[in-house]
Amino acid sequence: MNDAIQLIIFLLVLIAIAPLIGKFMAKVFMGENHIMKPVFGWLEKMIYRLTGIDSNEECNWTTYLFGVLLFNLYGIVFLFLLQMLQAFLPLNNENLPNVSWHLSINTAVSFVTNTNWQSYSGENTMSYLVQMLGLTVQNFVSAGTGISVAIALIRGLTRKTADSLGSFWVDLTRSVIYVLLPLAIVLTFLLVGQGAIQTFSHSIKATTLQGTEQIIPLGPAASQIAIKQLGTNGGGFFGANSAHPFENPTPFSNFLEMLALIIISAGLVFTYGHYARSKRQAWAIFLTMFILLAIGLGVSLWSEYSHNTVLNISGNMEGKETRFGIANSVLFSVITTVTSCGAVNAMHDSLSPLSGMVSMFNIMLGEIIFGGVGSGLYGIIIFILLTVFIAGLMVGRTPEFLGKKVEAFEMKMTILAILAPSIVIKLFTAIACSVPAGLATLTNAGPHGFSEILYAFSSAGGNNGSAFGALGTNNIFYNMMLASGMIIGRFGIIVPVMAIAGSMAKKRITPESSGTFRTDNWLFVMMLISIILIVGGLTFFPAMVLGPIVEHFLMNLGVGF
Amino acid sequence: MKAQSIIALKFLIVMIILTGLLYPVVMTDIAQLTYPSKSNGSLILKNGKIIGSELIGQKFDSSVYFWSRPSIIGYNPVPSGASNYGPTSDTLKKLVESRRESFAGNNSITDISTIPKEMVFASASGLDPHISPEAALIQVDRISEARKFNTNQKDKLFEIIRELTEAPQFFFLGQERVNVLMLNIEIDKIDENN
């Protein structure tokens, strides 16, 4: 009963806040007055002055995209060098050695692509300096990059015969200082109030009650946790991520962290509604996402509470924390995988087979059920274009979206964007399963072992970052394979999305007629859900059968591995 | 193009200073001022020495203390972590069976189905500071016997558990739980006072 109340209150709060944040973000990116302007307006102007950005200059899609790619490339190079040199740099309180080259590449790519896959544990690998200058910065700007691309796409869809999509630098600045930074400041403060740590002190040597020595690692954690949740990054300050008592000390901090990791993605749906001047459009997308979320949550809860014949227990507590219990662990696992966050408060590897499958499937669908900040919105718009196209084929009319014709070029780009992460997931999993290096670090046997590899590449391709953690990935093979997967999964979508934005912006808007296929009613919601499930199902069902599904049936028969 | 590449570089530097330096430093200052104890790890002092953190669980296996949950890292926090055993893992099955047996044996439990789940499964962080109140109550007999408590002192034990049990936050969030380290600090006081 208590469990049900927690879930319902969480979902209600989400529904109540998302439209408000969405409206606020619309004002931010349209350049109107909003509540944060008096607070940080000076900072915006100062950034433009320091960097030489002309805030009135807009550009076409290729220039916008060039800015995105270049800025991300610089980010990867800087973060790579920072890790390779951390031993020689200050704020390395625990005297940690330089990070290996392949882990540095993996981590640099991982944080720049908003994935935050971690082949390491923060407390014994990364200095405070790397955590701040490297990881925290990318938590902000990779999220900002996602939001900017989404806003550019929205402009492309809603502007009439335009060439320009806005300025990447202005959008990025605004997303960081008006949206992410204020929320991160508030959340950091609230988390510290619950017991999350925020200090530059050395780790502490304690002598426990039983007389043994315990080293307690410290650090500026709360500020990084706040942004890793808000920016759907998910990379923990500590290895145990949001299961660590210093990262997530109480049920209330857990509630805040769950809300933080979905709220901007959910809000952006309504931002889109404001640009399209149609609340119904926004609600249609929101409902689609919400229904898919609810289905996954239902299956996951049912599975987690069901009896496990192998372990002879219902609702096991392996890899879960007492203060959260089972319901909050399952809710977190679903929320963090529908969005591309990937922070965890329970170990996904130890979830029941079908709960693990729901997490994996959420990622495989392309991180479009709310999804990453920005990337969730442009991801679902890709699926909307596909749906509109298929509906158009059915009735024999040229497909239209928001009054603009969807033609061959847009469809080619759409298909590219849908295929890019799928190729990573299936092809890379196949490679890893067939070479010794891919199988060497497997811990669990049987179908669960296959699930671990499949999950790793889903997480990389979908830019999620959560893991079936038993798979050892801090080696050349996995660090490099996953890094390539993350790059394809991120930029293999951003490039076609920007191309679509550019070509849609140029088109005329034809007025609505009785023949227009509406994209803001129940019929469309059902159609969209079906397309998402059919595409996801056809692509990934065979792989699922080999992993979690067969494991589920074997578990019911009491077969262990 | 050239203009863009210079802007990108300058922009990265500005962001590093703003979000990588100013943001964490200012937040640390605010945190240190407003929550000095919590921001430094909720450390617990006893006779001037640090005996641990309220939030970080400790290993307890002596019969005179409440036991904490199984931990795959033995409550050594560098690094934190979990077993990551899957739901059909035979290794996990054997581990759980042996934990059940030893917990039942040590606490004179005849019906193993009454053992709270968290006492046979390892936590996610390996540092879980809590157990359920049921898991504490089930250990009272063993501790009283080991400490040779009289009935008065044993009643005191029940009282401590009641006092330290944290209800779900704001009545609905999370699970009822009790902090093992805080419990054990209190039992030591019973011994000293009587």
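In this text, all values refer to a predicted model and were calculated from it rather than measured experimentally. (Residues numbered from 1 in each chain as written. Chains lettered and ligands numbered in written order. Predicted model: local features only at pLDDT ≥ 70, side-chain atom pairs only at ≥ 80, totals over all residues. Heavy atoms only, no water.)

Participant: Explain the overall build of chain B residue by residue, including any values.
Facilitator: When you go through chain B residue by residue, the secondary structure sums to seven helices and five strands. Along the chain direction, N to C, the helices and strands of chain B fall in the order α-α-β-β-α-β-α-α-α-β-β-α. In terms of overall size, chain B is more extended than a compact globule, its C-alpha atoms giving a radius of gyration of 23 Å where 194 residues would be expected to give roughly 16 Å. Expressed along its principal axes, the backbone C-alpha trace of chain B runs to roughly 80 × 45 × 35 Å. (Helix = DSSP H or I, 4+ residues; strand = E, 2+ residues; numbered from the N terminus. Rg over C-alpha atoms; globule rule 2.2 N^0.38 Å.)

Participant: Go over the overall build of chain A, please, and point to the residues and values.
Facilitator: Across its full length, chain A carries 17 helices and six strands. Overall, the C-alpha framework of chain A stretches about 75 × 60 × 50 Å when taken along its three principal axes. Looking at chain A residue by residue over its 561 residues, the buried ones come to 67%. Here the contacts in chain A between residues at least 6 apart in sequence split such that 77% fall between residues at least 24 apart. As displayed, chain A has an accessible area near 17400 Å², and 69% of this comes from carbon and sulfur atoms. Looking at chain A, you have 26 positive and 25 negative side-chain charges, and the mean spots of the two groups are 13 Å apart. (Buried < 20%, exposed > 50% of the residue type's maximum accessible area, 1.4 Å probe, protein only. Contact = heavy atoms within 4.5 Å. Areas by Shrake-Rupley, 256 points an atom, 1.4 Å probe, with all protein chains shown as cover. Lys, Arg positive; Asp, Glu negative; His and termini not counted. Charge placed at Lys NZ, Arg CZ, Asp CG, Glu CD.)

Participant: If you had to explain the pairing of strand E2 (residues 49-53) of chain B to someone new, which residues and values would you point to?
Facilitator: Bridge count for strand E1 (residues 43-46) of chain B against E2(B) is four bridges, and the pairing is antiparallel. Paired with B:Leu45 across the bridge in E2(B) is B:Ile50. (Pairing = 2+ DSSP bridges.)

Participant: So what's going on with the nonpolar core? Residues and values would help.
Facilitator: Counting residues in each nonpolar core, the largest one holds 220 residues, and the members touching the most others are A:Ile264 and B:Phe66. When sequence neighbours within four positions are dropped, the list of residues in contact with A:Ile264 reads A:Met25, A:Ile147, A:Val179, A:Leu180, A:Leu183, A:Leu230 and A:Val373. The next biggest cluster of nonpolar side chains, apart from the first, holds 14 residues, and it includes A:Leu354, A:Met357, A:Met360 and A:Phe540. (Core = buried A, V, L, I, M, F, W, Y, C linked by side-chain atoms within 4.5 Å.)

Participant: So what's going on with a nonpolar patch on the surface? Residues and values would help.
Facilitator: A contiguous nonpolar surface patch, about 650 Å² in accessible area, is contributed by A:Phe189, B:Leu9, B:Ile13, B:Ile17, B:Leu21, B:Leu22, B:Val26 and B:Ile30. Looking at the nonpolar patch, the element that brings in the most residues is helix H1 (residues 2-34) of chain B, giving seven residues. Mapped onto the secondary structure, B:Ile30 falls in helix H1. (Patch = residues over 30% accessible without salt bridge, like charges linked within 9 Å, V, L, I, M, F, W, Y side chains within 5 Å. Salt bridge = Lys/Arg side-chain N within 4 Å of Asp/Glu carboxyl O.)

Participant: Describe in detail the interface of chain A and chain B, supporting the description with residues and values.
Facilitator: Listed as interface residues are 112 residues of chain A and, on the opposing side, 92 residues of chain B. Taking both sides of the interface into account, the surface hidden between chain A and chain B amounts to around 8300 Å²; carbon and sulfur atoms contribute 67%. Across the chain A-chain B interface, the total number found is zero salt bridges. The tally of links from chain A across to chain B stands at 45 residue pairs in polar contact (both at pLDDT 80 or more). Looking at the side of chain A that touches chain B element by element, the count peaks at 13 residues for helix H6 (residues 168-194) of chain A. (Buried area = accessible area lost by both parts, 1.4 Å probe. Polar contact = N/O pair within 3.5 Å; in protein donor to acceptor, adjacent residues only side chain to side chain.)

Participant: Any chance you could break down the side chain of A:Gln198 for me, citing the residues and the numbers?
Facilitator: Positionally, A:Gln198 belongs in the loop between H6 and strand E1 (204-207). A residue is classified by how much of its surface remains accessible, and A:Gln198, at 0% relative accessible area, is buried. Side-chain polar atoms of A:Gln198 contact the backbone nitrogen of A:Ala222, separated by 3.1 Å. At 3.3 Å, the side chain of A:Gln198 forms a polar contact with the backbone oxygen of B:Pro24.

Participant: Let's hear about the environment of A:Ala260: which residues, and what values?
Facilitator: Residues and elements named next belong to chain A. Relative to the helices and strands, Ala260 resides in helix H8 (residues 251-275). On the basis of relative accessible area, Ala260 is assigned to the buried category, the value being 6%. On a C-alpha basis, the gap between Ala260 and Ile494 in space is 24 Å, while along the polypeptide they are 234 residues apart. Excluding residues within four positions of it along the chain, Ala260 makes contact with Leu187, Gln229 and Leu230.

Participant: So what's going on with the domain arrangement of chain B? Which residues, and what values?
Facilitator: When cut into domains, chain B gives domain 1 (1-40) and domain 2 (41-193). Centre-to-centre, using C-alpha coordinates, domain 1 of chain B lies 40 Å away from domain 2 of chain B. (Domains from an automatic or database assignment.)

Participant: Can you explain the sheet that holds strand E3 (residues 130-131) of chain B? Please cite residues and give values.
Facilitator: With respect to topology, three strands assemble into an open sheet ordered E3-E5-E4 (chain B), the strand pairing being antiparallel. Pairing within the sheet leaves two strands with one partner each, and these edge strands are E3 and strand E4 (165-166) of chain B.

Participant: Describe unusual backbone geometry, and please don't skip the residues or the numbers.
Facilitator: Most peptide bonds are trans, and most residues other than glycine sit at a negative phi. In the segment running from B:Val78 into B:Pro79, the intervening peptide bond is cis, with an omega of -5°. Relative to the assigned elements, B:Pro79 resides in the loop between E2 and helix H3 (90-106). The phi angle at A:Asn463 is positive, at roughly 55°, despite the residue not being glycine. When you line up the elements, A:Asn463 lands in the loop between helix H15 (447-461) and helix H16 (476-505). Owing to a relative accessible area of 6%, A:Asn463 belongs among the buried residues under this scheme.

Participant: I'd like a rundown of the environment of A:Asn312, residues and numbers included.
Facilitator: Residues and elements named next belong to chain A. Tracing the backbone shows Asn312 in the loop between strand E3 (307-308) and strand E4 (313-314). The class of Asn312 is exposed, set by a relative accessible area of 52%. Here the alpha-carbon distance between Asn312 and Gly558, two residues 246 residues apart in the chain, equals 8.7 Å.

Participant: Describe the pairing of E1(A), with residues and values.
Facilitator: Every regular strand shows the same layout, with side chains that alternate between the two sheet faces. Residues and elements named next belong to chain A. The two faces of E1 differ: Ile204 and Ala206 on one face are buried, but Lys205 and Thr207 on the other face are not. Pairing of E1 with strand E2 (residues 213-216), which is carried by four bridges, proceeds in the antiparallel orientation. Following the sheet pairing, Ile204 is matched in E2 by Ile216. Taken together, E1 and the strand that follows it, E2, pair antiparallel across an intervening segment of five residues, in which Gly211 is found at a positive phi of about 90°.

Participant: Let's hear about the packing of helix H13 (residues 408-434) of chain A against H15(A): which residues, and what values?
Facilitator: All names here are of chain A. One can describe the packing of H13 onto H15 by two numbers: an axis separation of 8 Å at closest approach and a directional angle of 145°. Where H13 crosses over H15, the two elements pack in a sense that is right-handed. Here Pro421, Val424, Ile425, Phe428, Thr429, Ala432 and Cys433 of H13 come into contact with H15, specifically with Phe450, Ile453, Leu454, Phe457, Ser458 and Gly461. Across the contact of H13 with H15, the residue classes tally to 10 nonpolar, three polar and no charged. (Axes fitted to C-alpha atoms, helices over the stretch in contact; angles between N-to-C directions. Left-handed = near helix turned anticlockwise from the far one by under 90°. Nonpolar A, V, L, I, M, F, W, Y, C, P; charged D, E, K, R; others polar.)

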